[in-house]
Amino acid sequence: MKPSALPSPTATGRPALEVEGLRVDLHTPSGTVRAVDGVGFGVHKGRTLALLGESGCGKSMTALSIAGLLDPVAEVTGGSVRVSGTELVGLGRAERRKLAGPVLSIVFQDALAALNPVQPVGRQLAEPFRIHRGLSRRQAAEKAVELMTRVGIPEPRLRARSYPHQFSGGMRQRLLIAMAVALDPDVLIADEPTTALDVTVQAQIMRLLRDLQTERDMALVLITHDLAVVARHADDVVVMYAGNVVEAGPVREVFSRPRHPYTRALLDSVPEHAVRGRPLPAVPGSPPELSAVPSGCVFQARCPLADDRCARERPALEPVGASRSAACHFSEELDRG
Amino acid sequence: MSAPDDRTSPAATSPRTRPPRWWRLLGRDRGAAAAAVVLALVFLVALFGRLFLGDRAVRQDLRASLRPPSLDHGFYGLLGTDVLGRSVLARLVDAAATTLSIAVPAVLCSLLIGSALGLWAGYHGGMRENVAMRVADVILSFPSLLIAVVVLYVFTPSAMNIVLILAVARIPVYLRTARAEAAELRSRLFVDAARTFGTPASAIIRRHLLPIALPTLLTVATLDFCFVMLTESSLSFLGIGIQPPEVSWGLMVAQGRQYLQTAWWIAVLPGLAIMLTTVSATVLAAWVRLATDPGQRWRLTLPRKRRGERAAVPPEMIA
Amino acid sequence: MASFLRKRIISSAIPLVFVVLGVFCLARLTGNPVDLYLPLSATPEQRAEFSAAHGFDDSVPVQLWDYLGNAARLDFGVSLRTGEPADAMVLEAFPVTLQLAGMTMLLAVLGALLVGSLAAYRPQSAVDRLAGLLSMTAASIPDFWFAIMGVLVFGVALDWLPTSGTLGGPEVWVLPLATLLIRPFGVLVQVVRGSMVGALSAPYVKVARSKGADATRVVFGHALRNAITPVLTVAGDLAVGLVNGAVVVETVFGWPGIGKLMIDSILQRDFAVLQAAVLLTAVTIFALNILVDVCHALIDPRVRQAVPA
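It should be emphasised that the depicted structure is a prediction, and the values quoted were computed from it without experimental measurement.

**Brief notes about the overall build of chain C**
Thinking step 1. Each helix and strand counted, chain C has 13 helices and zero strands in total.
Thinking step 2. Helices and strands in chain C line up, N terminus first, as α-α-α-α-α-α-α-α-α-α-α-α-α.
Thinking step 3. Burial statistics for chain C: of 309 residues in total, 43% are counted as buried.

**Side note on the overall build of chain B**
Thinking step 1. Counting its regular elements, chain B contains eleven helices and zero strands.
Thinking step 2. For chain B, buried positions account for 46% of its 319 residues.
Thinking step 3. Intrachain contacts of chain B at a sequence separation of at least 6 include 68% that bridge at least 24 residues.

**Some thoughts on the sheet that holds strand β5 (residues 86-87) of chain A**
Thinking step 1. Spatially, four strands are ordered β2-β1-β4-β5 (chain A) in an open sheet, and the strand pairing comes out antiparallel. In the strand order of this sheet, the two ends are held by β2 (31-43) and β5 of chain A, each with one partner.

**What about the interface of chain C and chain B?**
Thinking step 1. The interface of chain C with chain B comprises 34 residues on the first partner and 38 residues on the second.
Thinking step 2. Among the secondary structure elements, those contributing two or more residues to the side of chain C that touches chain B are α1 (2-29), α6 (126-140), α7 (143-157), α10 (215-253) and α11 (258-267) of chain C.
Thinking step 3. Tallying contributions element by element places α10 of chain C first for the side of chain C that touches chain B, with eight residues.
Thinking step 4. Among the residues forming the side of chain C that touches chain B, the class breakdown is 26 nonpolar, seven polar and one charged.

**Structural notes on the confidence of the model for chain B**
All names here are of chain B.
Thinking step 1. Averaged over every residue, the pLDDT of chain B is 77; residues scoring 70 or more account for 84%.
Thinking step 2. Counting contacts from residues 1-18, a segment whose pLDDT is below 50, to residues more than four positions away or on other chains yields 25 contacts.
Thinking step 3. Low pLDDT, under 50, characterises residues 303-319; the stretch is placed with 36 contacts to residues that sit more than four places away or in other chains.

**Some words on unusual backbone geometry**
Across residues other than glycine, the phi torsion is negative in most instances, and most of the peptide bonds are trans.
Thinking step 1. Here Pro 244 of chain B and Pro 245 of chain B are connected by a cis peptide whose omega angle stands at 10°.
Thinking step 2. Looking at where Pro 245 of chain B falls in the secondary structure, it is placed in the loop between α8 (201-238) and α9 (249-257).
Thinking step 3. The phi dihedral of Glu 155 of chain A falls on the positive side, at around 50°, and the residue is not glycine.
Thinking step 4. Here Glu 155 of chain A lies in the loop between α5 (137-150) and α6 (156-159).
Thinking step 5. Of note, the phi angle at Asp 217 of chain A is positive, near 55°, even though the residue is not glycine.
Thinking step 6. Mapping Asp 217 of chain A onto the fold places it in the loop between α8 (199-216) and β8 (219-224).
Thinking step 7. On the basis of neighbour counts, which here come to 13 C-beta atoms within 10 Å, the residue Asp 217 of chain A falls in the partly exposed class.

**Examining the environment of Leu 112 of chain A**
Residues and elements named next belong to chain A.
Thinking step 1. Mapped onto the fold, Leu 112 is located in helix α3 (residues 111-114).
Thinking step 2. Leu 112 gets classed as partly exposed once you count the C-beta atoms within 10 Å, which come to 16.
Thinking step 3. Between the alpha carbons of Leu 112 and Gln 173 there is a distance of 8.2 Å; along the sequence they are 61 residues apart.
Thinking step 4. Aside from chain neighbours lying at most four places away, what touches Leu 112 is Pro 164 and Arg 172.

**Structural notes on the sheet that holds strand β3 (residues 48-52) of chain A**
Two strands in a sheet stick together by hydrogen bonds in their backbones, pointing the same way (parallel) or opposite ways (antiparallel).
Residue and element names in this part refer to chain A.
Thinking step 1. Ordered by their spatial adjacency, eight strands build an open sheet running β6-β7-β8-β3-β9-β10-β12-β11, and the pairing between neighbours is mixed. Of all the strands in the sheet, the pair left with one neighbour each is β6 (104-107) and β11 (318-319).
Thinking step 2. Running at roughly 145° to strand β7 (residues 187-191), helix α1 (residues 59-67) makes contact with β3, β6, β7, β8 and β9 (236-241) of the sheet.

**Remarks on helix α10 (residues 265-292) of chain B**
Thinking step 1. Along its 28 residues, α10 of chain B runs 40 Å from first to last C-alpha, staying within 8% of the 40 Å computed at 1.5 Å per residue.
Thinking step 2. With 21 of 28 residues buried, α10 of chain B is to be regarded as a mostly interior element.

**Some points on the pairing of strand β1 (residues 17-28) of chain A**
Every regular strand shows the same layout, with side chains that alternate between the two sheet faces.
All names here are of chain A.
Thinking step 1. Among the twelve residues of β1, nine are classified as buried, and the element is accordingly described as predominantly covered.
Thinking step 2. As defined by bridge partners, β1 adjoins β2 across ten bridges and the pair is classed as antiparallel. Along β2, the bridge assignment pairs Leu 26 with Val 33.

**Things to note about helix α4 (residues 121-133) of chain A**
All names here are of chain A.
Thinking step 1. Here α4 spans 19 Å end to end across 13 residues, near enough to the 18 Å set by a 1.5 Å rise per residue.
Thinking step 2. At Glu 127, α4 shows its maximal bend, which comes to roughly 30°, and the proline Pro 128 appears one to four places after that position.
Thinking step 3. Taken across its 13 residues, α4 has ten buried, putting it largely inside the fold.
Thinking step 4. Of all the positions in α4, only Val 121, Gly 122, Gln 124, Leu 125, Ala 126, Glu 127, Pro 128, Phe 129, Arg 130 and Ile 131 are classed as buried.
Thinking step 5. Looking one or two residues past α4, Gly 134 carries a phi angle of roughly 60°, positive in sign.

**Looking at the UniProt feature "transmembrane region" (unreviewed entry) in chain B**
Thinking step 1. According to UniProt, the feature "transmembrane region" (unreviewed entry) maps to residues 32-53, 99-123, 216-242 and 262-288 of chain B in the numbering used here.
Thinking step 2. Across residues 99-123 of chain B one finds 100% helix and 0% strand; the C-alpha atoms that close the span lie 35 Å apart.

**Observations concerning the pairing of β9 of chain A**
All names here are of chain A.
Thinking step 1. When you tally the buried positions in β9, you get six out of six residues, the bulk of the element.
Thinking step 2. The alternating pattern of β9 places Asp 236, Val 238 and Met 240 and Val 237, Val 239 and Tyr 241 on opposite faces, both of which are buried.
Thinking step 3. Bridge count between β3 and β9: four bridges; the pairing is parallel. Along β9, the bridge assignment pairs Leu 49 with Asp 236.
Thinking step 4. In terms of strand pairing, β9 meets strand β10 (residues 244-250) through six bridges, oriented antiparallel. When the bridges of β10 are listed, Met 240 appears paired with Val 245.
Thinking step 5. Taken together, β9 and the strand that follows it, β10, pair antiparallel across an intervening segment of two residues, in which Ala 242 is found at a positive phi of about 50°.

**Quick notes on the packing of α4 of chain A against α5 of chain A**
Residue and element names in this part refer to chain A.
Thinking step 1. Remark: α4 packs on α5, axes separated minimally by 8 Å, with the N-to-C direction vectors making an angle of 115°. The handedness of the crossing between α4 and α5 comes out as right-handed. Within the contact between the two elements, α4 uses Gly 122, Leu 125, Ala 126, Phe 129 and Arg 130 and α5 uses Ala 140, Ala 141, Lys 143, Ala 144, Leu 147 and Met 148.
Thinking step 2. Of the residues contributing to the contact of α4 with α5, the split by class is eight nonpolar, one polar and two charged.

**Quick notes on the UniProt feature "transmembrane region" (unreviewed entry) in chain C**
Residues and elements named next belong to chain C.
Thinking step 1. Look at the UniProt record and you will see "transmembrane region" (unreviewed entry) annotated at residues 12-31, 100-121, 133-161, 173-192 and 271-292.
Thinking step 2. Each end of residues 133-161 is marked by a C-alpha atom, and these two atoms are 27 Å apart; helix forms 79% of the span and strand 0%.
Thinking step 3. In residues 173-192, the share of helix is 100% and the share of strand is 0%. The end C-alpha atoms are 26 Å apart.

**Digging into the nonpolar core**
Thinking step 1. Counting 282 residues, the largest nonpolar core has Val 187 and Val 221 of chain A together with Leu 188 of chain C as its most contacted members.
Thinking step 2. Ignoring any residue separated from it by four or fewer positions in sequence, one finds Leu 188 of chain C in contact with Ala 108, Val 109, Ala 112, Val 231, Val 234 and Ala 235 of chain C.

**Section: the packing of helix α5 (residues 86-121) of chain C against helix α8 (residues 171-200) of chain C**
Pairs of packed helices are described in terms of their axes, by the angle between the two and the distance that separates them.
Residues and elements named next belong to chain C.
Thinking step 1. The contact between α5 and α8 brings their axes to 6 Å, and the two run at 35°. At the point where α5 passes α8, the crossing takes the right-handed sense.
Thinking step 2. By residue class, the composition of the contact of α5 with α8 is 24 nonpolar, four polar and one charged.

**Focus: the environment of Val 273 of chain C**
Residue and element names in this part refer to chain C.
Thinking step 1. Considering the arrangement of structural elements, one finds Val 273 in helix α12 (residues 271-299).
Thinking step 2. On the basis of neighbour counts, which here come to 29 C-beta atoms within 10 Å, the residue Val 273 falls in the buried class.
Thinking step 3. Sequence separation between Val 273 and Gly 221 is 52 residues; the distance between their C-alpha atoms is 47 Å.
Thinking step 4. Apart from the residues within four sequence positions on either side, Val 273 is in contact with Ser 79, Ala 86, Met 89, Val 90, Leu 261 and Ser 265.

**Quick notes on the environment of Leu 62 of chain B**
Residues and elements named next belong to chain B.
Thinking step 1. Structurally, Leu 62 is set in the loop between α2 (30-53) and α3 (88-124).
Thinking step 2. On the basis of neighbour count, Leu 62 is assigned to the exposed category, with 8 C-beta atoms found within 10 Å.
Thinking step 3. Beyond its immediate sequence surroundings of up to four residues, Leu 62 is in contact with Leu 84 and Gly 85.

Cut-off values and rules
Within every chain, residues take consecutive numbers counted from 1 along the sequence as written. Numbering of ligands from 1 and lettering of chains from A proceed in the order in which they are written. Reporting of local features is limited, given that this is a predicted model, to residues whose pLDDT is at least 70; pairs of side-chain atoms are given and counted only at 80 or more, and all residues count toward the totals for whole chains, interfaces and linings. Going along the chain from the N terminus, every DSSP run of H or I of four or more residues is numbered as a helix, and every run of E of two or more is numbered as a strand. In this scheme the burial state of a residue depends on its C-beta neighbours within 10 Å: 20 or more other such atoms mean buried, 12 or fewer mean exposed, and anything in between means partly exposed; the C-beta positions come from the backbone. By definition, residue pairs are in contact when their C-beta atoms, positioned from the backbone, come within 7 Å. The pairing criterion is simple: DSSP has to find at least two bridges between the two strands. Gly is placed with the polar residues, together with every amino acid not listed as nonpolar (Ala, Val, Leu, Ile, Met, Phe, Trp, Tyr, Cys and Pro) or charged (Asp, Glu, Lys and Arg). Scored from 0 to 100, pLDDT records how confident the predictor is in each individual residue. Here an angle of 0 to 180 degrees is reported between the N-to-C directions of two axes, which are lines fitted to C-alpha atoms, with helices fitted over the stretch in contact. Each helix should span, by expectation, one fewer than its residue count multiplied by 1.5 Å. The quantity called bend is, for any residue, the angle between two axes fitted respectively to the seven residues ending at it and the seven beginning at it. UniProt positions are given in the numbering used here, feature names are shortened, and annotations may be inferred rather than shown by experiment. Handedness of each helix crossing follows the sense of rotation of the near helix against the far helix: counterclockwise by less than a right angle gives left-handed, clockwise gives right-handed. Note on terminology: a nonpolar core is a set of buried residues of type Ala, Val, Leu, Ile, Met, Phe, Trp, Tyr or Cys, with members joined through C-beta atoms within 7 Å.

As structure tokens, then:
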């Protein structure tokens with residue numbers, strides 16, 4: 001088992017969400033590949049953890065496996081996921097259903113696809129109350145209107161009868177968030193919640209998420225490829241690459257002094273850091289195919305520091321400093337340089 | 001990419017290190033492979049069977065009337081004889097040729113005309129699209145058997161006329177499919193790009209639309225092959241399709257119907273032949289649809305019980 | 001909704017007009033009924049009189065005009081065979097076929113929704129494979145042969161069911177219904193399965209599951225309504241095809257339905273009856289298409305807004 005990102009020193013007690021050594025295999029036409037390889041982290045209530053990485057790095061797969069929503073081609077083959085102390089890996093369907101909503105909830109990226117196109121939104125928002133609280137249709141509808149008011153839908157009573165295609169993108173995302181927080185979950189996973197939206201709307205949605213998080217004391221897992229979102233909204237960050245965690249720790253520390261070449265390359269490629277008149281630095285090359293992940297360090301092909309050792313031996317995720325960890329043979333050198 | 005009636009034996013796959021070929025995938029799906037073999041056999045029999053038959057299918061022998069299937073009367077007595085003492089086996093082979101000589105040209109005609117019209121209408125849109133769709137509606141909202149009955153009554157029920165009617169009746173199916181594909185593709189960037197280069201519409205349709213629509217159209221054609229075969233059989237059964245002395249499977253069922261209680265094999269065997277062929281075509285069509293859909297293709301490669309076992313083929317697609 | 005309906009009615013009416021015109025012309029091409037109905041020894045005067053009495057001496061456009069005018073007054077002429085009014089004959093035969101077809105579609109759709117959903121819930125499972133094989137076989141069996149086999153096995157060998165006729169208890173329905181049912185059922189199971197697999201892998205189903213919805217709620221509460229649109233379309237097309245099936249079934253089982261009436265009218269060149277029968281069939285199909293459209297609009301709110309041309 002690889003060590004998880006260490007819990008933040010400010011929080012006490014058990015994290016609301018603990019993931020350890022999570023492994024997810026994908027059954028593809030050309031054989032089985034490992035999409036998530038020994039990912040671990042923990043999030044306390046009221047804290048925000050960002051899962052950061054390029055598309056295809058396994059961050060969404062991690063989120064889906066925590067939520068138990070993997071497609072049949074994917075399979076959790078190892079590790080542990082505990083939400084509020086309950087082990088989710090290997091939990092029966094019925095047991096898991098009881099937790100889905102009141103304990104653990106998820107917000108998806110594409111709100112138009114994530115809302116049922118043929119049901120009025122009011123009914124979709126009322127559904128968690130119908131399923132878990134056994135409320136009557138009328139009571140649940142009332143709750144749905146309250147939720148819509150809370151997330152800032154104008155004229156909620158009227159709009160509850162509208163269908164998803166009759167809302168704007170931002171409003172749809174608000175509805176989706178409302179649905180996810182309906183039952184005050186302990187843990188909320190937000191999978192690229194703002195990617196499909198305009199920049200101005202993005203900020204509103206992120207503010208809404210943060211307000212709701214504070215108000216309901218939720219642990220928030222923010223899945224994103226957007227460094228700015230991480231910098232602005234997350235307390236801790238877990239950087240993923242090719243299904244592996246390469247670096248983890250408090251955002252401020254990780255971003256100011258990265259201990260993994262990948263994190264550093266990512267940060268360097270942000271336009272604000274670029275020097276005028278020079279080409280914008282980018283991470284050279286592209287991530288390995290999951291079927292061709294090298295046996296040594298996963299990042300070796302694109303790493304400026306890579307040597308023989310990186311080709312032979314995969315660096316373990318080792319603690320570096322008080323609350324941080326990194327998976328690089330050169331993390332010490334990086335800190336000095 | 002894969003002709004639905006291709007007859008490569010799935011057993012002949014060699015373990016070469018290439019991306020999974022369609023016949024490798026076919027080999028993995030036992031049902032589809034069996035269907036392909038059955039269809040191949042039917043086509044072979046229809047193509048070459050008559051060469052070996054001589055006059056067996058029409059030679060009467062009243063002493064041999066209504067013999068049940070048995071091993072005692074040589075190869076041609078294997079499946080029994082009809083009331084005139086003709087070999088049922090020989091007639092089945094003869095009928096296979098007739099049935100396919102109607103079904104295959106009819107399917108090809110409607111496939112060609114329907115696809116061409118559909119791609120053209122879908123690509124251009126507007127009025128042309130509207131007219132084409134309304135024509136398709138008209139043809140489809142009229143029960144095909146009834147068109148056939150009326151037309152075959154006006155003109156003589158020759159094989160040629162049956163082919164024509166069936167082709168016309170099925171054109172809308174391809175027209176609709178091709179139009180839907182073309183209408184979806186016409187707004188794609190690569191089509192726009194081709195248009196900005198001044199590529200003429202006919203070339204865009206041929207080079208850009210057709211290759212993408214073709215797998216779907218072939219799947220539809222495979223399925224439609226069943227429909228055409230069944231309609232021809234129904235017509236022949238009702239007495240307005242193939243006329244004696246020619247013989248088709250549907251006609252054989254009709255002729256055997258009156259001997260149902262005394263000589264079941266005359267009506268049962270040709271029906272079984274129809275069913276075997278159409279079921280095979282359906283199974284194969286379902287497989288082709290799966291194999292040509294990149295979003296569904298992985299399903300074919302999931303080992304049924306040995307999940308997680310590493311396949312012996314190198315990477316081609318990562319979900 | 002009202003404008004949606006109006007547009008759909010207009011665009012569905014076009015095929016209706018063409019069908020009626022087409023049958024009229026084709027029927028005229030099938031040859032002069034005079035030859036069939038008068039003895040060979042009839043004098044030219046007798047022939048002319050017969051033609052004039054039934055309007056066969058006019059040109060085809062004039063005949064068409066007369067036909068349309070009469071049809072507008074609900075006068076469809078009389079049968080050459082029996083002398084009865086054509087509409088009476090058709091209306092007498094119609095309920096038999098309508099009952100048979102209605103029952104068939106009801107059973108086919110309900111059965112297919114159940115079986116198809118079960119198959120789609122776990123793709124590639126044993127249930128799915130079995131349903132796939134059964135439905136493909138069902139969709140590919142020649143109906144006339146199935147009918148004959150039914151008669152052979154259940155009528156003759158086992159003697160459980162009557163082999164023809166409409167008289168008797170519910171048992172007379174079993175074989176005709178089964179024969180007519182088998183193809184639509186097979187086709188629909190595959191359509192339901194296909195669109196259900198698509199719906200079940202849609203993001204909104206993931207969301208429903210993330211809310212803790214159980215299998216029943218996911219399938220019937222969320223996926224089914226989204227999956228049913230293509231099923232409806234195909235069911236409409238299959239209902240048109242049921243006329244084909246009805247011809248075969250009514251011929252094999254000797255049912256006095258509209259399919260048999262049409263075949264007989266063609267073979268006997270009984271124009272008035274054929275045209276009345278086709279008109280009624282076309283109107284029924286027209287009504288059915290409208291019904292399908294209304295169902296679409298009721299099920300999918302997006303259809304109500306975006307009206308197809």
